[in-house]
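# What the coordinates show
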Amino acid sequence: MLRPSPALVALLAVALPTATAAATPAPAAPPQSFKGEYTVSILGLSVARATFSSHYEGNTYSIDGSVSSAGLAKLFDDTQGTISSKGTISGKQMRPQAFRADYTSGKKASVVDIRFANGAVTATQVIPAPKKGDPKSWVPLGSSDLASVLDPMAATVIHADSLDKVCGRTVKFYDGEMRANLTLTYDSKGSISVPGYKGDTVTCRMGFQPVAGYRKGRKALNYLKNRSRMMVTFAPLGQTGVYAPIHATVGTQIGTLTVSAGRFEAIN
């Protein structure tokens, strides 16, 4: 996998780099850090692992992570990658400054580099360049599509006053090629226990709507938009006011993709 598949974009631009960001602390609050470890599986078989750590201080945040194929997937597609994001926080809004993903699959390398200013994308570099195919079916990106958007990491966390207010919103994200909206609607409340966290959660049903930077008629995207059942369960990151995915499922054409946290904790 040189770049995340559409299903992973909807999750990982939604779920892997999770427990890894934070809200603006009080002026006197000390720096804080978090760590999340995740397993990605499909049809019950592990296909990838990811570890992410974050640090925030004042109104700045930085996130670093690693992702690798695992289990049977490693036999067919030995992928290793690193992901990083940094930016500032204004009120309850993430303001990305830079996002970068570096992947190697066998001997092939892939890079996605996105730069931001004042909440808008100012530059994008994707290596190798994405293939657009038939220009008649391609939905181009406009400048308005790249205003007030989040990178795949910043899009994974929600700033809210309580669990009751996590769902009921639309997240605008950009992965270096595609702009899409993710809608979160309330489904249920529950609880979970994993190393580093035991407590209440809220589950939102997620809708996927491609906006620009994609090819019309693409079966995987149509499935995510029209047929896929996508659920994301959020848990709080300490007392920061941030809620991050701790479990997620995405229905795909070949089965249900599941992302589960094996560790979700604050680092002292």
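Each value, and the rule that gives it
- Per-chain numbering applies: the sequence of each chain, read as written, is numbered from 1 onward.
- Totals for whole chains, interfaces and linings use all residues, but because this is a predicted model, local features are given only for residues with pLDDT of at least 70 and pairs of side-chain atoms are given and counted only at 80 or more.
- With hydrogens and water set aside, each side-chain value is computed from the structure's full complement of heavy atoms.
- Classification of residues uses two cut-offs on accessible area relative to the type maximum, computed with a 1.4 Å probe and protein chains only: under 20% is buried, over 50% is exposed, and between them is partly exposed.
- What counts as a helix is a DSSP run of H or I of at least four residues, what counts as a strand is a run of E of at least two, and both are numbered from the N terminus.
- Working definition: the arc comes from the directions between the helix axis and the C-beta atoms, pointing outward to the latter.
- The nonpolar core is taken to be a set of buried Ala, Val, Leu, Ile, Met, Phe, Trp, Tyr and Cys residues, with the residues joined through side-chain atoms within 4.5 Å.
- The criterion used for residue contact is that any of the two residues' heavy atoms lie within 4.5 Å.
- The salt bridge definition used is simple: a Lys or Arg side-chain nitrogen within 4 Å of an Asp or Glu carboxyl oxygen.
- Here, any two strands with at least 2 DSSP bridges between them count as paired.
- Pairs of N or O atoms within 3.5 Å make up the polar contacts considered here, provided that, within protein, one atom can donate a hydrogen while the other can accept it, and that residues adjacent in sequence are counted only when both atoms are side-chain atoms.
- In this scheme Phe, Tyr and Trp rings, the latter by its six-membered ring, pair at centre separations within 6.5 Å, and the angle between planes marks the pair as stacked below 30 degrees, edge-to-face above 60, and tilted otherwise.

## Describing helix α3 (residues 219-226)
- Within α3 the residues assigned to the buried category are L221, Y223 and L224. The buried residues of α3 all sit within an arc of 160° when viewed along its axis, so they share a single face. Along α3, exposed side chains directed more than 90 degrees from the buried face belong to K219 and N226.

## So, the nonpolar core
- Ranked by size, the top nonpolar core spans 67 residues in total, and within it I83, F99, V166, F208, F234 and F264 carry the most contacts.
- In this structure, F99 is in contact with I83, S84, S85, V112, D113, I114, F116, D151, P152 and M153, ignoring residues within four places of it in sequence.

## Looking at the pattern of salt bridges
- By the definition in use, this model includes seven salt bridges.
- Of the charged contacts in the structure, one is a salt bridge between D113 and R115, with a shortest N-O distance of 2.9 Å.
- Residue classification places R115 among the partly exposed positions, given a relative accessible area of 41%.
- Between D164 and K189 there is a salt bridge whose closest N-O contact spans 2.3 Å. Of this pair, D164 sits in the loop between β9 (158-159) and β10 (169-174) while K189 is found in strand β11 (residues 179-194), placing the two residues 25 residues apart along the sequence.
- Members of the salt-bridge network, linked through shared partners, are R100, D102, D113 and R115.

## Focus on the environment of T122
- Within the element layout of this structure, T122 appears in strand β7 (residues 120-127).
- The sequence separation of T122 and Q97 amounts to 25 residues, and the corresponding C-alpha distance is 9.6 Å.
- Non-local contacts of T122, meaning those with residues more than four positions away in its chain, are made with R115, F116 and A117.

## Points about unusual backbone geometry
- With an omega of -5°, the peptide bond between I127 and P128 qualifies as cis.
- Structurally, P128 is set in the loop between β7 and β8 (138-139).
- The phi torsion at S148 lies on the positive side, around 55°, for a residue other than glycine.
- Mapped onto the elements of the fold, S148 is located in the loop between β8 and β9.

## Things to note about the pairing of strand β4 (residues 79-90)
- Pairing of strand β3 (residues 60-69) with β4 involves nine bridges; the strand directions are antiparallel. Bridge pairing links D64 to S84 in β4.
- With twelve bridges joining them, β4 and strand β5 (residues 93-105) adopt antiparallel strand pairing. Across the sheet, the residue bridging to Q80 is T104, located in β5.
- A loop of two residues connects β4 with β5, the two strands running antiparallel in sequence, and G91 in this loop sits at a positive phi of about 65°.

## Looking at the environment of P236
- Note that P236 resides in strand β14 (residues 230-236).
- Taking C-alpha positions, P236 is 9.8 Å from V157, a pair spaced 79 residues apart along the chain.
- Once residues within four sequence positions are removed from consideration, P236 is found in contact with Y197, D200, V242, Y243 and F264.

## Let's talk about the environment of E265
- Residue position: E265 is located in strand β16 (residues 255-267).
- The partly exposed category is assigned to E265, whose relative accessible area is 22%.
- Residues E265 and V194, 71 residues apart in the sequence, show an inter-C-alpha distance of 9.1 Å.
- Once residues within four sequence positions are removed from consideration, E265 is found in contact with F34, K35 and G196.
- Within the structure, E265 has its side chain in polar contact with the side chain of R263 (distance 3.4 Å).

## Points about the packing of aromatic side chains
- Per the counting criterion, the structure on display carries one aromatic pair.
- Residues Y197 and F264 carry aromatic rings whose centres are separated by 5.9 Å and whose planes lie at 70° to one another, so their mutual orientation is edge-to-face. Of the two residues, Y197 sits in strand β12 (residues 197-212) while F264 sits in strand β16, which places them 67 residues apart along the sequence.
- Judged by its relative accessible area of 15%, Y197 is buried.

That is the geometry; function is a separate question.
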